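An overview of the molecular structure
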Amino acid sequence: MTATPDREALGTLLRHVLELLDGDVAAVYGDLDLADYRPRYSPLVRVLVADGPLPIRDLAARVGVTHSAASQTVAQMSRAGLVTLTPGADARQRIVTLTDRARALLPVIEAEWAATTTAMRRLDAELPVPLADELYAVLAALRRRPLRERIADTGWPAGRVGATGEVTGG
């Protein structure tokens, strides 16, 4: 196991936690000989099962990720034979549809989702606050006041970094 990131390196710490969580779920799929299936696919698969074929933009909105993130994930899923892409109403739009392979994997995907949900509830019982509750609280606070504004409130000088490393202007 790698060392725990410094408490002040919050972005690194968040990525580390996500790597541990996703890595263990990916290991579960690897144990099932589904090494090409990534944990990040499941939310998209679940939306496509519920709502049917969707444009990438709509899929991104329903999952709660950026269009770029959804597009990258869909491209990976397409290479893995889990989705197909067809042209939409205009040249820029692509419609995502689950393949027969993805539909055949649905029982495994749903069973993993349920097991992971149960495991996360058990993990939450060990934490001072359930992880999702804390993350939603962080999102709400950042929507109220972005970190950039909070940094400015510290008195950090705005401006540009000059050739010698000094901050100028602002």
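Remember, predicted model here, so these are calculated numbers, not experimental data. Every chain begins its residue count from 1, and numbering advances along the sequence as written. Two thresholds apply to this predicted model, a pLDDT of at least 70 for residue-level local features and 80 or more for giving and counting side-chain atom pairs, whereas whole-chain, interface and lining totals are computed over all residues. Hydrogens are left out, water is left out, and the side-chain values use all remaining heavy atoms of the structure.

What to know about the packing of helix 2 (residues 41-51) against helix 5 (residues 100-126)
Stated formally: Working convention: axes come from line fits to C-alpha atoms, limited for helices to the stretch in contact. Angles between N-to-C directions cover 0 to 180 degrees. The helix count covers DSSP runs of H or I at least four residues long, the strand count covers runs of E at least two residues long, and both are numbered beginning at the N terminus. Here the word oblique covers every angle except those under 35 degrees (roughly parallel), over 145 (roughly antiparallel) and from 65 to 115 (roughly perpendicular). In this scheme the crossing of two helices becomes right-handed for a clockwise turn of the near helix relative to the far one and left-handed for an anticlockwise turn of less than a right angle. Any pair of residues with heavy atoms lying within 4.5 Å of one another is described as a contacting pair.
Running from N to C, helix 2 and helix 5 point in directions that differ by 120°, and their axes come no closer than 11 Å. What the angle tells us is that helix 2 and helix 5 run oblique. Relative to helix 5, the crossing made by helix 2 is left-handed. Each of Ser42, Pro43, Val45, Arg46 and Val49 in helix 2 lies in contact with helix 5, whose residues at this interface are Leu106, Ile109, Glu110, Glu112 and Trp113.

Section: the sheet that holds strand 2 (residues 83-87)
Rules: At least two bridges found by DSSP between two strands is the condition for calling them paired.
Taken in spatial order, the 3 strands of this open sheet run 1-3-2, and their pairing is antiparallel. The two strands at the open ends of the sheet, each matched to only one other strand, are strand 1 (54-55) and strand 2. Here strand 2 pairs with strand 3 (residues 94-98) via 5 bridges, running antiparallel. Looking across to strand 3, one finds that valine 83 is bridged to leucine 98. Most of the contacts of helix 2 go to strand 3, to which it runs at about 90°, and overall it touches strand 1, strand 2 and strand 3.

So, the layout of surface pockets
Where we set the bar: Site definitions follow a grid-based scheme: protein atoms alone, a 1 Å grid, a 1.4 Å probe that fits but cannot get out for cavities, and for pockets an open set with protein on both sides within 12 Å along at least five of seven lines, plus lining residues having an atom within 4 Å of a point. Grid points are joined across faces, edges and corners, and a volume is the space filled by probe spheres set on the points. Each residue gets one label: Ala, Val, Leu, Ile, Met, Phe, Trp, Tyr, Cys and Pro are nonpolar, Asp, Glu, Lys and Arg are charged, and the others, such as Gly, are polar.
Computed from the structure, the largest pocket encloses a volume of approximately 2600 Å³. Along the wall of the largest pocket there are 50 residues; nearest its centre are Leu18, Leu21, Leu131, Ala132 and Leu135. A breakdown of the residues in the lining of the largest pocket according to their chemical character gives 31 nonpolar, 7 polar and 12 charged. Space inside the second largest pocket adds up to approximately 200 Å³. Considering the residues around the second largest pocket, the lining is formed by Pro55, Ile56, Arg57, Asp58, His67, Ser71, Asp90, Arg92, Gln93 and Arg94. Broken down by secondary-structure element, the contributors of at least two residues to the lining of the second largest pocket are helix 3 (56-63) and helix 4 (67-79). The greatest single-element share of the lining of the second largest pocket, amounting to 3 residues, is contributed by helix 3.

Observations regarding the pattern of salt bridges
For clarity, the cut-off: Salt bridges are counted wherever a side-chain nitrogen of Lys or Arg sits within 4 Å of a carboxyl oxygen of Asp or Glu. Buried residues are those whose accessible area, probed at 1.4 Å on protein chains only, stays under 20% of the maximum for their type, while exposed residues exceed 50% and partly exposed ones sit between those limits.
Tallied over the entire structure, the rule returns 6 salt bridges. Across the pair glutamate 110 and arginine 46 runs a salt bridge whose closest N-O atoms are separated by 2.7 Å. Note that glutamate 110 is positioned in helix 5 and arginine 46 in helix 2, a separation of 64 residues in sequence. For glutamate 110, a relative accessible area of 34% corresponds to the partly exposed category. For arginine 46, a relative accessible area of 27% puts it in the partly exposed group.

Looking at a nonpolar patch on the surface
The condition is simple: Nonpolar side chains (Val, Leu, Ile, Met, Phe, Trp, Tyr) are joined into patches within 5 Å and like charges within 9 Å, using only residues with over 30% relative accessible area and no salt bridge. The Shrake-Rupley method, run with a 1.4 Å probe, gives the accessible areas here. Residue values count only the displayed protein chains as cover.
Together, Val138, Leu142, Leu147, Ile151, Trp156, Val161 and Val167 make up an exposed nonpolar region whose accessible area comes to about 650 Å². Among the secondary structure elements, those contributing two or more residues to the nonpolar patch are helix 6 (131-144) and helix 7 (147-152). Its relative accessible area of 35% is what places leucine 142 among the partly exposed residues.

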